[in-house]
Amino acid sequence: MRGALAIGLLLCMQSAFAQDHSQHAMPPSSPTTTDEHAQHREHTTGDDAPGDYRSPVLTDADRAAAFPDLHGHDMSAHMDDDPFVWMVMADRFEWQQGDAVAWEGTAWFGHDRGRLWLRSEGERERNHGTEANIEALWGEPVNAWWDVLAGVRHDISNERLGHHGQDWLAIGVQGLAPYKFEVQATVYIGEGGQSMLQAEVEYELLLTNKLILQPRIEATALGRNDAVRGIGSGLGEVDAGLRLRYEVRREVAPYIGIERAVRFGKTADFARAPGDDAHETRWVAGVRFWF
Amino acid sequence: MNDETSRFPDTTRRRLLRGMALGSAAAGLGLWREPVWALATPNQSGVLAGKDFDLSIGRTPVNITGRAASAITVNGSLPGPILRWREGDEVTLRVRNTLAETSAIHWHGILLPANMDGVPGLSFHGIEPGGDYLYRFRVRQSGTYWYHSHSSLQEQAGVYGALIVDPLEPEPFAFDRDYVVMLSDWTDMDPHRLFARLKKRSDYDNLYKRTVGDFLRDAREDGITAAVADRKAWGAMRMSPTDLADVNGNTYTYLANGRRADDDWTGLFTPGERVRLRFVNGAAMTFFDVRIPGLKLTVVAADGQNIQPVEVDEFRIAPAETFDVIVQPERDEAHVVFAQAMDRSGHARITLAPRMGMRAPSPALDKRALLTMDDMGHGSHAMSTAEMSCGANMDHSKMSMPMSTPMQAHPASETGNPFVDMQTMSPTPRLDDPGIGLRDNGRRVLRYADLHSLQVPDDDREPSREIELHLTGHMERFVWGFDGIKFSDAEPVRLKYGERVRFTLVNDTMMEHPVHLHGMWSDLEDADGKFLVRKHSVSIPPGTKRSFRVTADALGRWAFHCHMLMHMEAGMMREVRVEE
Ligand SMILES: [Cu+2]
C-alpha cells in the first residue's frame, strides 16, 4: 500500500508537471531589466538559438546600486581572517621526587604569519637553588609544518651555585615532524663564545582520547666545558620522561610520570664531583594546563 | 488529472486531487495564500508575511543548554522570524541594529542589486550600532531560502532565519501542510572565543581520535601489516582520519527550529496528508544527515529550485543548503525527523505527529565514519607515497606516475605555503557518491547526481573561460583559503559583465566545504559538463573537483566563500567583482 502510494505521489507529481507546463506557459517576460535576470527556459523547449543569452542592458541606477559608497568601510572590520591570538601553556608544571619543582612553559602572541614566543624552563631544588631560563623569540612559519624562531635567552643567576646570569642569542625551529612528533631544536650563542644546542622531541600516545601517554626526550650539548654550571662540552645531558596525563578537559590535565636524566662525559664528571649521581631517576607529578 | 492516477485506489486519488487543488488553485490565481504552517502548530516560531518588514537585530538572553547565555537575534527570536515574500513583489525591509557593533543581514540565495546583498565592507557599509538600513528590491525568484548576518560571526550567535518566497506560478507538486525545519548549531561560547580556540587547539573537539586500543583491534582484524601501513600513511601526513568536524557535539547543541533534541518542536499532520518540509541548514559548522525512519522522502526542490522529484530515505544537507521534501505519513503515529551531525557527535530532531504530545524515539546515532585516503582523492595506491604526495612542497605536475585518473596540477601559490597542509592527487567530481558515512548504509541517500533542475538556465552559452580555485587550508594552524591565499591577502576574482564562466573547485583539504557565490546562480555541471542543477551553495567534499557555470549578469562586488563560518572567518573567501 505504501509503495503504491509513493509511486502514486510521484506519478501525480509528474503529471502535475505536465499539467503545469501545458496550462501555464511561463509568464511573459516582463520588460524590466530586473525581471529578466530571473527567467528560465523550460526544459522541454529548445526554440531559442543556443548561445543567444544577453544580460540586461545596464542603467546608471544599476551601476550606482552595484558600487555604492562604503564610507571608507572594508571587510576588515567585519571579518578578521588574521586576528591577534594568544595562548599560554604550561606543558610541565610539576613536583619532582627529591623536593624539586620544575616547569616548562610557553606563551605566544600574534598573528598567522608571525608570533612572539616566550618560553621558560627551569627547576628549583633544595640543594641547588633555582636553575631557570627565559626566552623571547620571534617566530614565523616557513612551511606547512615548521616555524623558525630567533631571539634571546637569559639564564637567571644562581647564588648557591655561584654563577651569574648568562645571555644567549637563540635561533631555532619547531614544528611537527612526520608521524606527529613534536620537535623543537634551538642553537644558542652565548657570552665568551660559548655555544649550546638543545633539542626536544615529544609524542602523544592516546590510550583513550583523554588518557594520554607522553614520552619526551630532551638533549643538551655544549660547545665547551662550563664548570660552574656543571656541563661539559659535547652531548652533556639527556632527559627522558614518560608522563601519563588525564585531560579533565582539554585545558587541564593532571599527570604523573617518571623522568630520567642521563649525563655523559665531562658533564657526568661534574655531577659526580659533589657526590651526586651521574644519572638520576625521579618520579614526577604535576598538571598541564593552557588558556 | 490524467489516466495515470486513476489506476490507483479511489481514496488515494481523491487525496491527491484535493492536494493538487489546494496547491494550484490558490497560487495559480496569484492570491495571497494563507501560510499553511501558521494554522498547523501552536509552537511555531513567528512568521512575517507581506511586503514591508521591520526587523531588529539585538541581544537576547537565552537558555538553551541549561545555562543562561546571550544570543544575537532578529526580533528577539532564535531562529529569527520566518519571512514570507511573494515572487514579483517589491519588498521593503527596515533592519535596525541595536547592538554595540556593526551588523547586517544577507539574503542568502536571493538575486538582488549588490547594495541590497548585506555584506558589510563589500556590498554596503553595514548597519552601524543604533542605525538602520532600508533594504528594498524586487523578488525575482521563489522557493525556500534563508537569511543571516554576514558580520563578525553573528550568524553563530543566532542571527539567522528562514525565507520563503511563494511562487506566482503553481508549484509542480502538491502538499497539505508546510513546515520549515531550520537546523542549526548553538554554543554558549562567544563565537570569537570559539574561533580563537580553534586557532590555539584546532582538534579541541576531536575526542574520537584513534587510540592504542583501536590500533590493536585493527591489527587483529586487518592484520598487523595493514594496520601499521594505515597508521603510517596518516602519520606521514600528520593528520587524523577522524577529523570530520572542526566543532562538534562536544561544543555544540544541535537545534531544529531553535529547539534541542530533548525538547523538540512538533509539526502536526492528519494521517494521509502530504507534508512539505522545508529544510534549511542554518548551522555555522555542521553538516546534517536527515531521515525520517518509516517514511520515504520525496525531494522536490534544492536551494529553492524545483527539481525532478526524487525519492530517498536520507539526505545530507551542507551548511547554507536548503531542500524541500514531501512526506506522506499514513498512520496515526508520530515520526521523528532525525538530523544527525555528519561526525555523529549529536543530533537535532523534530516530531511529526497527528496530535501534540506524541513522540517517536530517535534512532541510535550511526557509526562514526573514518576518512580514507580515497576520500581525499589519493586513491589506495597513494599509501606508500602519502608523505611525498601530501607534503605541501611537492609539485605534482612534475611527477609522473602511471595512473588512470590524471594527476591534479596545483597553483604555484600552494607550493611551500605554510597554510597548505595537503594537496589532493587525483580528484574527481564524485557526484554520485552519497558521502562519507552514508555509503552502503542500506538506505537510499540523496546524491548531487540525483538533482535535476526542472528548468534549464536561460543562458546556455558555453563558458568562455574557466576559473579554477583550490580549496586549501591548514588544520593545525586553522588557516583557510583559496589557492593557499586567504581573503585579506587576495585580489578579487574579476568577471566581465555578461560573460559566462565556469568555476572549477578542487578540494585540497580533508574537509568538505559548501561554497556559496552571492548574487548569481551556480549552475552545477555533471562529470560530462552537462547542466545538472541550479544552486546557490555547492558542497565540495574532500578529494573532489566540481564545476559550475555562472552568468555574470549581476554588476558589483560579491562575496564568494565557504559557508563553514569559521572557515570563512579564517580566510576561505574571495570577492568576485563583476565589472563592465
Ligand atoms: Cu570550509
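Along each chain, the written sequence defines residue order, and numbers are assigned to residues from 1. Labels follow written order: the first chain is A, the first ligand is 1, and so on. A pLDDT threshold of at least 70 governs which residues receive local features in this predicted model, and a stricter bar of 80 or more applies before side-chain atom pairs are shown or counted, although totals over entire chains, interfaces and linings include all residues. Water and hydrogen atoms play no part in the side-chain values, which are based on all heavy atoms of the structure.

(A) Just helix 4 (residues 191–200) of chain B, in detail. P191, L194, F195, R197, L198 and K199 of chain B are the residues of helix 4 of chain B that are buried. Contacts made by the buried residues of helix 4 of chain B are with strand 2 (85–96), strand 3 (100–111) and strand 14 (279–290) of chain A together with strand 23 (479–482) and helix 8 (565–569) of chain B. Any pair of N or O atoms that falls within 3.5 Å is considered a polar contact. Within protein, one atom must be able to donate a hydrogen and the other to accept it, and sequence-neighbouring residues count only if both atoms are side-chain atoms. Strands here mean DSSP runs of E at least two residues long; helices mean DSSP runs of H or I at least four residues long; both are numbered from the N terminus. Capping the start of helix 4 of chain B, D190 of chain B holds a side-chain oxygen 2.7 Å from the backbone nitrogen of H192 of chain B, two or three residues further along. Throughout this description, buried means an accessible area under 20% of the type-specific maximum (1.4 Å probe, protein chains only), exposed means over 50%, and partly exposed covers the range between. By definition, residues are in contact when any of their heavy atoms lie within 4.5 Å.

(B) Representation of the coordination of the copper ion. All names here are of chain B. For Na, K and Ca the donor cut-off is 3.2 Å; for every other metal, N, O and S atoms count as donors within 2.8 Å. Water does not enter the count, which can leave sites looking incomplete. Here the copper ion is held by the protein donor atoms H513 (ND1), C562 (SG) and H567 (ND1), which lie 1.9 to 2.1 Å from it. Ordering the donors of the copper ion by residue number gives the pattern H-x48-C-x4-H. Highlighted residues: H513 in strand 26 (residues 513–517) and C562 in strand 31 (residues 556–562), separated in sequence by 49 residues. Given the relative accessible area of 0%, H513 is considered buried. Relative accessible area serves as the criterion here: at 0%, C562 is assigned to the buried category.

(C) How the structure looks around the domain arrangement of chain B. All names here are of chain B. By domain assignment, chain B separates into domain 1 (47–170), domain 2 (174–206 + 243–360) and domain 3 (445–578). All domain edges in this entry derive from an automatic or database-based domain assignment. When each unit is reduced to the centre of its C-alpha atoms, the spacing between domain 1 and domain 2 is 21 Å. On the side of domain 2, 30 residues touch domain 1, which itself brings 27 residues to the contact. Accessible area that two parts lose when put together, evaluated with a 1.4 Å probe and summed over both, is termed the buried area. Each partner contributes to the roughly 2,200 Å² buried at the junction of domain 1 and domain 2, and carbon and sulfur atoms together form 62% of this total. On the domain 1 side of the interface with domain 2, the three residues burying the most area are I64, T144 and Q156, jointly 32% of the side's total. For this analysis, a salt bridge means a side-chain nitrogen from Lys or Arg found within 4 Å of a carboxyl oxygen belonging to Asp or Glu. At the boundary of domain 1 and domain 2, one finds 0 salt bridges. Scanning the region where domain 1 abuts domain 2 turns up 11 residue pairs in polar contact (both at pLDDT 80 or more).

(D) Representation of a nonpolar patch on the surface. Residue and element names in this part refer to chain A. A cluster of nonpolar side chains, contributed by V142, V148, V152, L169, I171, V173, V187, I189 and L197, occupies part of the molecular surface with about 710 Å² of accessible area. Mapped by element, the contributors of at least two residues to the nonpolar patch are strand 6 (146–155), strand 7 (166–177) and strand 8 (181–190). Sort the elements by how many residues they give to the nonpolar patch and strand 7 lands first, with 3 residues. Among the secondary structure elements, L197 is positioned in strand 9 (residues 195–202). The patches described consist of residues with a relative accessible area above 30% and no salt bridge, like charges being joined within 9 Å and nonpolar side chains (Val, Leu, Ile, Met, Phe, Trp, Tyr) within 5 Å. Residue-level accessible areas treat just the shown protein chains as cover; the underlying method is Shrake-Rupley with a 1.4 Å probe.

(E) Region of interest: the packing of helix 5 (residues 212–222) of chain B against helix 6 (residues 224–237) of chain B. All names here are of chain B. The interhelical angle for the contact between helix 5 and helix 6, taken along N-to-C directions, is 135°, at an axis separation of 6 Å. Put simply, helix 5 runs oblique to helix 6. In contact with D214, F215, D218, A219 and D222 of helix 5, helix 6 contributes I224, A226, A227, V228 and R231. Residue polarity follows a fixed list, in which Ala, Val, Leu, Ile, Met, Phe, Trp, Tyr, Cys and Pro are nonpolar, Asp, Glu, Lys and Arg are charged, and the others, Gly among them, are polar. The class makeup of the residues in the contact of helix 5 with helix 6 is 6 nonpolar, no polar and 4 charged. Fitting a line to C-alpha atoms yields each axis, with helices limited to the stretch in contact; the angle taken between N-to-C directions then spans 0 to 180 degrees. Every angle not falling under 35 degrees, over 145, or within 65 to 115 is termed oblique; those three ranges are roughly parallel, roughly antiparallel and roughly perpendicular.

(F) Quick look at the nonpolar core. Residues and elements named next belong to chain B. Residue types Ala, Val, Leu, Ile, Met, Phe, Trp, Tyr and Cys, when buried and joined through side-chain atoms within 4.5 Å, form a set referred to as a nonpolar core. Ranked by internal contacts, the top residues of the largest apolar core, which has 140 residues, are W85, W107, Y135 and F137. Per element, the largest residue contribution to this core is 4 residues, and it comes from strand 31. Aside from chain neighbours lying at most four places away, what touches W107 is L55, L83, W85, L93, L112, M116, D117, Y135, F137, W146, Y147 and L163. Counting residues in hydrophobic clusters, the runner-up holds 16 residues, among them A71, V180, W186 and V280.

(G) Inspection of the UniProt feature "domain: Plastocyanin-like" (unreviewed entry) in chain B at higher detail. All names here are of chain B. Mapped onto this numbering, the UniProt entry annotates "domain: Plastocyanin-like" (unreviewed entry) at residues 59–167, 178–340 and 461–579. Segment residues 178–340 splits into 21% helix and 36% strand. End C-alpha atoms: 22 Å apart. In the segment residues 461–579, helix accounts for 4% and strand for 55%; the C-alpha atoms at its two ends are 19 Å apart. UniProt positions are given in the numbering used here, feature names are shortened, and annotations may be inferred rather than shown by experiment.

(H) View of the confidence of the model for chain A. Residue and element names in this part refer to chain A. Taken as a whole, chain A shows an average pLDDT of 82; of its residues, 83% reach a score of 70 or greater. The secondary structure element of chain A with the lowest average pLDDT is helix 1 (residues 2–23), at 38, and the one with the highest is strand 6, at 97. Note that pLDDT drops below 50 for residues 1–47; the model gives that stretch 86 contacts with residues more than four away or on any other chain. For every residue, the pLDDT score states the predictor's confidence, bounded by 0 at the bottom and 100 at the top.

(I) Unusual backbone geometry, seen in detail. For the peptide bond that leads from L78 of chain B to P79 of chain B, omega is -5°, which places it in the cis range. Along the chain, the position of P79 of chain B falls in the loop between strand 3 (68–74) and strand 4 (82–86). Positive phi outside glycine occurs at Y179 of chain A, with the angle close to 70°. Inspection of the secondary structure puts Y179 of chain A in the loop between strand 7 and strand 8. Of the residues examined, Y179 of chain A reaches a relative accessible area of 30% and is grouped as partly exposed.

(J) Focus on the sheet that holds strand 31 of chain B. Residue and element names in this part refer to chain B. Here 5 strands make up an open sheet; going across it, the order is 24-32-31-26-29 and the pairing mixed. Either end of the sheet is taken by a strand with one partner, and the two such strands are strand 24 (493–496) and strand 29 (537–540). Each neighbouring strand pair of the sheet contributes to a mean axis angle of 20°, computed without reference to strand direction. With 3 bridges joining them, strand 26 and strand 31 adopt antiparallel strand pairing. Pairing of L517 across the sheet is with F560, part of strand 31. At least two bridges found by DSSP between two strands are what make those strands a pair.

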